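Residue-level structural notes
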Amino acid sequence: MERTRITIFDTTLRDGEQSPGCSMNVQEKQKLARQLDRLGVDVIEAGFPIASDGDFTAVQSIAAEIRRPIICGLARAVPQDIERAWQALKGAARPRIHVFLATSDIHLQYKLKISRQKCLEQAREAVRLAKSFCQDVEFSPEDATRTDMHFLCEVLNEVIEAGATTLNIPDTVGYSVPADFGAFIREISQKVKNQEKGVVISAHCHNDLGLAVANTLAAIEAGARQVECAINGIGERAGNAALEEIVMSLRIRPDQYAYDTDVVSEQLYPTSQMLCDTIGVPVQPNKAIIGRNAFAHAAGIHQDGMLKNPLTYEIITPKTVGVPDSTLVLGKHSGRHALAQRYEKLGHEFDRRELDELYRRFVLLADKIKTVEDRHLLDLIKGRRTPDHTQPFAVAASAAAGQSSREPLHKPGPAAFSADPNASTPQLSPGSEHHGEQEDYLWGV
Ligand SMILES: [Zn+2]
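What comes next concerns the included structure. (Residues numbered from 1 in each chain as written. Predicted model: local features only at pLDDT ≥ 70, side-chain atom pairs only at ≥ 80, totals over all residues.)

Each regular strand carries side chains that alternate between the two faces of the sheet. For strand E6 (residues 137–142), a buried count of 6 out of 6 residues is recorded, marking the element as mostly surrounded by other parts of the structure. Every second residue of E6 is oriented toward a common face, with Val137, Phe139 and Pro141 on one face and Glu138, Ser140 and Glu142 on the other, all of them buried. Summarising the sheet, strand E5 (residues 95–102) and E6 pair through 6 bridges and their orientation is parallel. For Val99, the partnering residue across the bridge sits in E6 and is Phe139. Looking at chain direction, E6 and strand E7 (residues 166–171) are connected through 2 bridges and run parallel. Within E7, the position partnered with Phe139 by the bridge is Leu167. (Buried ≥ 20, exposed ≤ 12 C-beta atoms within 10 Å, placed from the backbone. Helix = DSSP H or I, 4+ residues; strand = E, 2+ residues; numbered from the N terminus. Pairing = 2+ DSSP bridges.)

Now the structure itself:
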């Protein structure tokens, strides 16, 4: 099956940066732009040059330094914006001016206070001016999804004539659902002369209903060949469509989507992390693709399956998106197998009896603290509070040495395990009594 290429237009540094708490200075934008280049995005929208001197400088320096992707700057449909955008962009290897003008009646009437006729003329003149500077011109009819279809197509045909090379259709207010947004894009590509002119249709979705990615995918199916998105889904209000989710949906379901991108998926997690560090805004733990818990398996039955074959519960390997390692979160729902595996990673191997005993102690501890960390596990085998029992286990395995010179068990009575300083007489919790061999597979289902 022939696969169609989708242009990934990243707007983390523009729409994303405009959102509360996400602003970046020049150096931060430059650093992110270098990472977006490594990630393999096709277009970097670096900023809104007329908005501030800082944004102008950021766009200018990114244009000067980052040479592979197209560098884009935003401009309202007025001469001073377009000229300022061009001043910032002119040093780019591949510059693009992105002109926008609202087209919905509600925006024309209340925000711009202009007629449809005036809107049509302004759009045409703005694109014409941009084209006089730059071959690559994108036009966005702001609030497109609430614009009368007939008028919208009129504007789009007008800007195609004026030289626009990409028509970006924004669902500015995030009101669309996939079926109607897909139909909307399809109708536009049937009614405007984009194909005969080689003009690309693009989608720009906002996440007010949590549907930005779904709407974007619907747009692709309906003929959009560029998608606008942001790392971690940052952007105005509820954000933009999340780049990492779009890219991985296409990659993981090629049976549904015969489309490719040039994104280097292994750079998704590093890029996400860099953005979080830069703006100081973390992503929710359960965020798809790059959230802290996206690859954390806490339920015992899941952990056991994961250890036998990650495909049991993992549709994306952590490595694919650049996450260092799949995280099995050890808690009271974990089974023996997960515990043994973690100990192995820490350089300790146990026989069955040793592990049983350790497991009992582990469950006691996990009942008290939510997440058992590596240091707790090491405490469990050290038996810190019982120096008399210096070697509860004669464990000599070392991950570093790769050796496993295991010796017979040195009588580990329950008291030998006293990682919990408060448990002078450890009592097994009622649940943990039932942790027989089979329960590992049932626990936490
Ligand atoms: Zn937007």
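All right, on to the environment of Gln18 then. Residue placement: Gln18 occurs in the loop between helix H1 (12–16) and helix H2 (26–39). Placed 217 residues apart in sequence, Gln18 and Gly235 show a C-alpha to C-alpha distance of 6.7 Å.

With that settled, the discussion passes to the pairing of strand E2 (residues 7–10). By the bridge criterion, 4 bridges tie E2 to strand E9 (residues 226–229) in an arrangement that is parallel. Residue pairing across strands places Phe9 opposite Glu228, the latter belonging to E9. Pairing geometry for E2 and strand E3 (residues 43–47), over 2 bridges, is parallel. Bridging from a neighbouring strand, Phe9 pairs with Val43 of E3.

Right, let's get into the sheet that holds E6. Remark on secondary structure: sheet strands pair via backbone hydrogen bonds, oriented parallel or antiparallel. As summarised here, the arrangement of the 8 strands in space is E2-E3-E4-E5-E6-E7-E8-E9, forming a closed barrel in which the pairing is parallel. Averaged over all adjacent pairs, the angle separating strand axes in this sheet is 25°, with direction ignored. As defined by bridge partners, E3 adjoins strand E4 (residues 70–76) across 4 bridges and the pair is classed as parallel. Each residue of the ladder has a partner; that of Ile44, found in E4, is Ile71. Relative to E3, helix H3 (residues 53–65) is tilted by about 150°, and along the sheet it contacts E3, E4 and E5. Contacts from helix H4 (residues 79–89) reach E4 and E5 within the one sheet, and its direction differs from that of E4 by about 160°. (Axes fitted to C-alpha atoms, helices over the stretch in contact; angles between N-to-C directions. Contact = placed C-beta atoms within 7 Å.)

All right, on to the packing of helix H14 (residues 336–345) against helix H15 (residues 352–368) then. Relative to each other, H14 and H15 sit at 100°, their axes nearing to 10 Å. The orientation of H14 relative to H15 falls into the category roughly perpendicular. Contacts between H14 and H15 involve Arg336, Leu339 and Ala340 on the former and, on the latter, Leu355, Leu358, Tyr359 and Phe362. Class assignment for the residues of the contact of H14 with H15 results in 6 nonpolar, no polar and 1 charged. (Parallel < 35°, antiparallel > 145°, perpendicular 65-115°, else oblique. Nonpolar A, V, L, I, M, F, W, Y, C, P; charged D, E, K, R; others polar.)

Our next topic: helix H10 (residues 212–221). Among the 10 residues of H10, 9 are classified as buried, and the element is accordingly described as predominantly covered. Of the residues making up H10, those classed as buried are Ala212, Val213, Ala214, Asn215, Thr216, Leu217, Ala218, Ala219 and Ile220. Where H10 is buried, its residues meet E7, helix H8 (178–191), strand E8 (200–205), E9, helix H11 (243–252) and strand E10 (259–260). Directly after H10, the chain includes Gly223, whose backbone phi takes a positive value near 120°.

Honestly, that's just the spatial picture; any functional story needs more than this.
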